[in-house]
Amino acid sequence: YIPHWQDNDDGYYLLVKSRGEPLDLVEPIRRVVAGIDPTIPLASVETLEAYARETTRTERLLALLMALFSAAALLLAGVGVYGVTAQLAAERRHEIGVRVALGARKDQVLSMVLRQGLTAVAAGVVLGLGLAWGLGRLMAAQLFGVTPTDPLTFLLTPLAVIGIAVVANLLPARRAMKVDPVRALQAE
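Predicted model only: the values in this text are computed from it and were never measured.

All right, on to helix 3 (residues 57-91) then. For helix 3, built from 35 residues, the straight-helix expectation of 51 Å at 1.5 Å per residue is met to within 8% by its first-to-last C-alpha distance of 51 Å. G78, T85, A86 and A89 are the residues of helix 3 that are buried.

With that out of the way, let us pick up the packing of helix 2 (residues 48-55) against helix 3. Viewed as axis vectors pointing N to C, helix 2 and helix 3 meet at an angle of 55 degrees, and their least axial separation amounts to 4 Å. The angle between the axes of helix 2 and helix 3 places the two elements in the oblique class. Residues R53, E54 and T55 of helix 2 pack against R57, E59 and R60 of helix 3. Here the residues of the contact of helix 2 with helix 3 sort into no nonpolar, 1 polar and 5 charged.

Taken together, the side chains of L127, L131, L135, L138, M139, L143 and V146 make up a nonpolar region of the molecular surface, amounting to roughly 690 Å² of accessible area. Residue placement: M139 occurs in the loop between helix 5 (106-138) and helix 6 (151-177).

Under the definition given, this model contains 5 salt bridges. Among the salt bridges present, the one from E95 reaches R99, with a minimum N-O distance of 2.9 Å. Within this pair, E95 and its partner R99 are both found in helix 4 (residues 93-101), separated by 4 residues, close to a single helical turn. Classification of E95 as partly exposed rests on a relative accessible area of 29%. We classify R99 as partly exposed; its relative accessible area is 40%. Between D107 and R105 there is a salt bridge, with its nearest N and O atoms 3.1 Å apart. Residue classification places D107 among the partly exposed residues on the basis of a relative accessible area of 44%. Owing to a relative accessible area of 48%, R105 belongs among the partly exposed residues under this scheme. Through salt bridges with shared partners, one network takes in R92, E95 and R99.

Okay, the packing of helix 4 against helix 5 next. Relative orientation of the contacting elements helix 4 and helix 5 amounts to 150 degrees, with a least axis distance of 10 Å. Classified by the angle between their axes, helix 4 and helix 5 sit roughly antiparallel to one another. The way helix 4 lies across helix 5 gives a crossing that is right-handed. Taken together, the residues of helix 5 that come into contact with helix 4 (itself represented by E95, I96, R99 and V100) are V109, M112 and V113.

Attention now goes to the nonpolar core. In this structure, A89, I96, V109, M112, V113, L114, A173, A176 and V179 together form the largest nonpolar core, which totals 9 residues. At the level of elements, helix 5 and helix 6 are the ones that each hand at least two residues to this core. In terms of residue count, helix 5 provides more of this core than any other element does, 4 residues in total.

What follows is about the environment of L88. Within the fold, L88 resides in helix 3. For L88, a relative accessible area of 30% translates into the label partly exposed. Separated by 19 residues in sequence, L88 and F69 place their C-alpha atoms 28 Å apart.

As a further point, take the packing of aromatic side chains. The geometry of two aromatic rings is summed up by the distance between their centres and the angle between their planes. All told, the structure shown has 1 aromatic pair when counted by the stated rule. Residues W133 and F154 carry aromatic rings whose centres are separated by 5.7 Å and whose planes lie at 85 degrees to one another, so their mutual orientation is edge-to-face. Placement of the pair is W133 in helix 5 and F154 in helix 6, with a sequence separation of 21 residues. Judged by its relative accessible area of 43%, W133 falls in the partly exposed class.

Rules used in this analysis
Residues numbered from 1 in each chain as written. Predicted model: local features only at pLDDT ≥ 70, side-chain atom pairs only at ≥ 80, totals over all residues. Heavy atoms only, no water. Helix = DSSP H or I, 4+ residues; strand = E, 2+ residues; numbered from the N terminus. Expected span 1.5 Å × (residues − 1). Buried < 20%, exposed > 50% of the residue type's maximum accessible area, 1.4 Å probe, protein only. Axes fitted to C-alpha atoms, helices over the stretch in contact; angles between N-to-C directions. Parallel < 35°, antiparallel > 145°, perpendicular 65-115°, else oblique. Contact = heavy atoms within 4.5 Å. Nonpolar A, V, L, I, M, F, W, Y, C, P; charged D, E, K, R; others polar. Patch = residues over 30% accessible without salt bridge, like charges linked within 9 Å, V, L, I, M, F, W, Y side chains within 5 Å. Areas by Shrake-Rupley, 256 points an atom, 1.4 Å probe, with all protein chains shown as cover. Salt bridge = Lys/Arg side-chain N within 4 Å of Asp/Glu carboxyl O. Left-handed = near helix turned anticlockwise from the far one by under 90°. Core = buried A, V, L, I, M, F, W, Y, C linked by side-chain atoms within 4.5 Å. Phe/Tyr/Trp six-rings, centres within 6.5 Å; stacked < 30°, edge-to-face > 60°.

This is how it looks when you write it as structure tokens:
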């Protein structure tokens, strides 16, 4: 034990469990504390929920910022996948025109462009899952309320990335389906 006068850094806390409204007990508690020692001040009275909300403000702000940055990264990834797929489809416009001229159906063109775009996304998802698995173990001490290999996170995140990639790939693929073979061949 250390005497109070040697180690009085932040003060002390008195926690009271109640069945009703906790703030209704403030005055009775003040009287009891004053009856024990009238020189002890009872300041900063608040509920445990208010105290927890106040003391975790920084962590909640960091969590919000992480969520916003994650959403921005997901959006940028989707725009990047769209841009690359659109460029690849545009570069293959002549080839797609030849395929359509030789009898390729629209669904074949669609699947060809989607397959090309989603192959790279699938490789990225597999690599990302592997890195997340390994780095999650290193960051285990920093995680609260989830395990480093949280199944829900490892399921929903790849599904979200793949979903965004499918949408980002569908736009150039649908445009490639509409290629007029005559114009595509005349351009060359």
